[in-house]
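# Secondary and tertiary structure notes
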Amino acid sequence: MKKVFVKSYGCQMNAYDAERMADVLAPEGFGEAATMEEADLIVLNTCHIREKAAEKVYSELGRVRALKRERERDGRSTTVVVAGCVAQAEGQEIIRRAPVVDVVVGPQSYHRLPELLHRAATGRGIVDTEFPLEDKFGRLPAPSPAKTRSRGVSAFLTVQEGCDKFCTFCVVPYTRGAESSRPVAAIVAEAERLAAAGIREVTLIGQNVNAYHGIGPGGAVWSLGHLLHRLADIPGLARLRYTTSHPRDMDDTLIAAHRDLPALMPYLHLPVQAGSDRILAAMNRQHGSDTYLRLVERIRAARPDIALSSDFIVGFPGEGEADFRDTLRLVDEVRFASAFSFKYSPRPGTPAAELNDQVPEEAKAERLARLQECLASHRQAFNRGTFGRIVEVLLEKPGRHPGQLAGKSPYLQAVHLEAAHLSVGDIVPVRITGAATNSLFGETADGAAGASRASAAA
Ligand code: SF4
């Protein structure tokens, strides 16, 4: 059997796409390789969000070229595909700079991979970065229940792609295209298949997931809140999540779903990016800090225990110390349970990259350190707030030691516990007893032995 190795970078959308690419190649006789060295087909599923993303892909392709030569010496051929957002952005340029590449395929065309590989077998340098009209998802084969379950008890499910918001720092609207939503029936069928295979938790994903507006039965347009109500009825699916959301698209039905659906976990990633209205306007975020804070109030009124998470960019062009302090103030006001924070770095082709008043690197680094210290104190306070409480934990995988299991709380906290009598896929009440740097530890609430601090931190 031939083997494929898909190396995926970046967001959950790419992780989902990587599995779908493996699924579309399975009927072509490709099994999944554990390492790149043993693969007859190497797919680099790239991300354009990373700093100097394209240069990093070219440098990875240098390593792939060396590997391909080595395999050739052993009489083995290797086909190389570049997929994802860098493929979309660079297109033909990849073939020009890295002739080792056989196929360049954008995120909207990976269902065509078998056909592109057949074409590449007879002529080099196939590029497909179109936004085709056909339904990509409708053409992807479903993996077997055993294959689905082998990937874990939690799964991603893409419901929406693309973005129309055009934040001035972001490449997504250019690489993933305009917003489009999958039909309700297709999403329900995929969720039912996942549940039947033993998946307990589904995270609905999209670049701007809460802008979801899919066609429902009878032709009506469904919002994400409406869709979540339907998915919550699927037997076996115990937990629902969604990411990533834009504050402008948190409508009343979605906020009400947090109040009404026990299956919808009390965790929301709602990026704000900055706390200064001047900078938010320059980012074209289409919301101010006050709008965001009022929105948080409404969400917390609907679901008081909800854990909020965000993305932050520090050192956006024109950001001064006063703007940065506005960000710190907003963080203190919201008290985020977790967050991702980055220094601004220009992405070629985006409006912000053309702005003159770029912030010096030292100032960015200094602000990022201060912001991260502030975010860490709120994360620790949130985690301490769960000490002594009993929370339901979905057991996802074995821990590092025999008898230990690792899972997730409703608030997306990693939890470790000694629970040799339990199985992956169980959802159990756990009393939280302490915390390591990046995870909590606890004991089953029925009194089974608890994890030691040392074992949880390892
Ligand atoms: S809403 Fe998100 S995906 Fe869309 S442009 Fe802004 S940062 Fe990018």
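## Some remarks on the pattern of salt bridges
What the rule picks out here adds up to 40 salt bridges. Here K68 ties to D102 by a salt bridge, and the two come within 3.8 Å at their closest N and O atoms. Of this pair, K68 sits in helix α2 (residues 53-73) while D102 sits in the loop between α4 (92-97) and β5 (103-105), and the two are 34 residues apart along the sequence. Residue K68 shares its accessibility class with D102, and that shared class is buried. Note that E190 is salt-bridged to R182, the shortest N-O span being 3.0 Å. The pair formed by E190 and R182 is uniform in burial state, with each residue classed as buried. Each of E19, R20, D23, E32, K147 and R151 takes part in salt bridges that share partners, so that together they form one network.

## What about the site of the ligand?
Contacts to the ligand come from C163, K165, F166, C167, F169, C170, V172, P173, H246 and R285. In the shell around the ligand, the residues fall into seven nonpolar, one polar and two charged.

## A few points about the packing of helix α10 (residues 252-260) against helix α12 (residues 289-302)
Closest axis-to-axis distance for the α10/α12 pair is 7 Å, and the angle between their directions is 35°. Contacts between α10 and α12 pair D252, I255 and R259 from the former with L295, R298, I299 and A302 from the latter. A class-by-class count of the residues in the contact of α10 with α12 yields four nonpolar, no polar and three charged.

## Quick word on the side chain of D128
For D128, the location among the structural elements is in strand β6 (residues 126-128). If we ignore the near neighbours within four places in the chain, the residues touching D128 are V104, V105, G106, S109, R112 and L116.

## A closer look at the packing of α12 against helix α13 (residues 321-334)
For the pair α12 and α13, interaxial distance at closest approach is 11 Å and the crossing angle is 10°. Here α12 is positioned roughly parallel relative to α13, judged by the angle of their axes. In this structure, α12 contributes S289, Y292, L293, R294, V296 and R300 to the contact, and α13 contributes L330, E333 and V334.

## With respect to the sheet that holds strand β16 (residues 338-343)
Spatially, β14-β15-β16 is the arrangement adopted by the three strands of the open sheet, whose pairing is parallel. The open sheet has two edge strands with one neighbour each: β14 (267-269) and β16. Averaged over all pairs of adjacent strands, the angle between their axes in this sheet comes to 10°, without regard to strand direction. With three bridges connecting them, β14 and strand β15 (residues 307-314) associate as parallel partners. Counterpart to Y267 in the pairing with β15 is A307. Packed on one face of the sheet, helix α14 (residues 361-385) meets β15 and β16 and runs near 175° to β16.

## Description of unusual backbone geometry
Note on backbone geometry: most residues besides glycine have negative phi, and most peptide bonds are trans. In the segment running from T243 into T244, the intervening peptide bond is cis, with an omega of 5°. Positionally, T244 belongs in the loop between β13 (239-243) and α10. The backbone phi angle of Q273 is positive, close to 75°, even though this residue is not glycine. Topologically, Q273 is positioned in the loop between β14 and α11 (277-282). Note on Q273: relative accessible area 8%, which makes it buried. Its identity is not glycine, yet R335 carries a phi of approximately 60°, on the positive side. R335 sits in the partly exposed class, given a relative accessible area of 47%.

## Some words on the nonpolar core
In terms of nonpolar packing, the biggest core is built from 53 residues, with L204 and Y242 touching the most fellow members. Apart from the residues lying within four places of it in its own chain, the contact partners of L204 are L157, V159, V209, L224, L227, L228, L231, R241, Y242 and T243. Residues L44, V57, V100 and V101 belong to the second largest nonpolar core, which totals 25 residues.

Conventions and cut-offs
Residues numbered from 1 in each chain as written. Predicted model: local features only at pLDDT ≥ 70, side-chain atom pairs only at ≥ 80, totals over all residues. Heavy atoms only, no water. Salt bridge = Lys/Arg side-chain N within 4 Å of Asp/Glu carboxyl O. Helix = DSSP H or I, 4+ residues; strand = E, 2+ residues; numbered from the N terminus. Buried < 20%, exposed > 50% of the residue type's maximum accessible area, 1.4 Å probe, protein only. Near = heavy atom within 4 Å. Nonpolar A, V, L, I, M, F, W, Y, C, P; charged D, E, K, R; others polar. Axes fitted to C-alpha atoms, helices over the stretch in contact; angles between N-to-C directions. Contact = heavy atoms within 4.5 Å. Parallel < 35°, antiparallel > 145°, perpendicular 65-115°, else oblique. Pairing = 2+ DSSP bridges. Core = buried A, V, L, I, M, F, W, Y, C linked by side-chain atoms within 4.5 Å.

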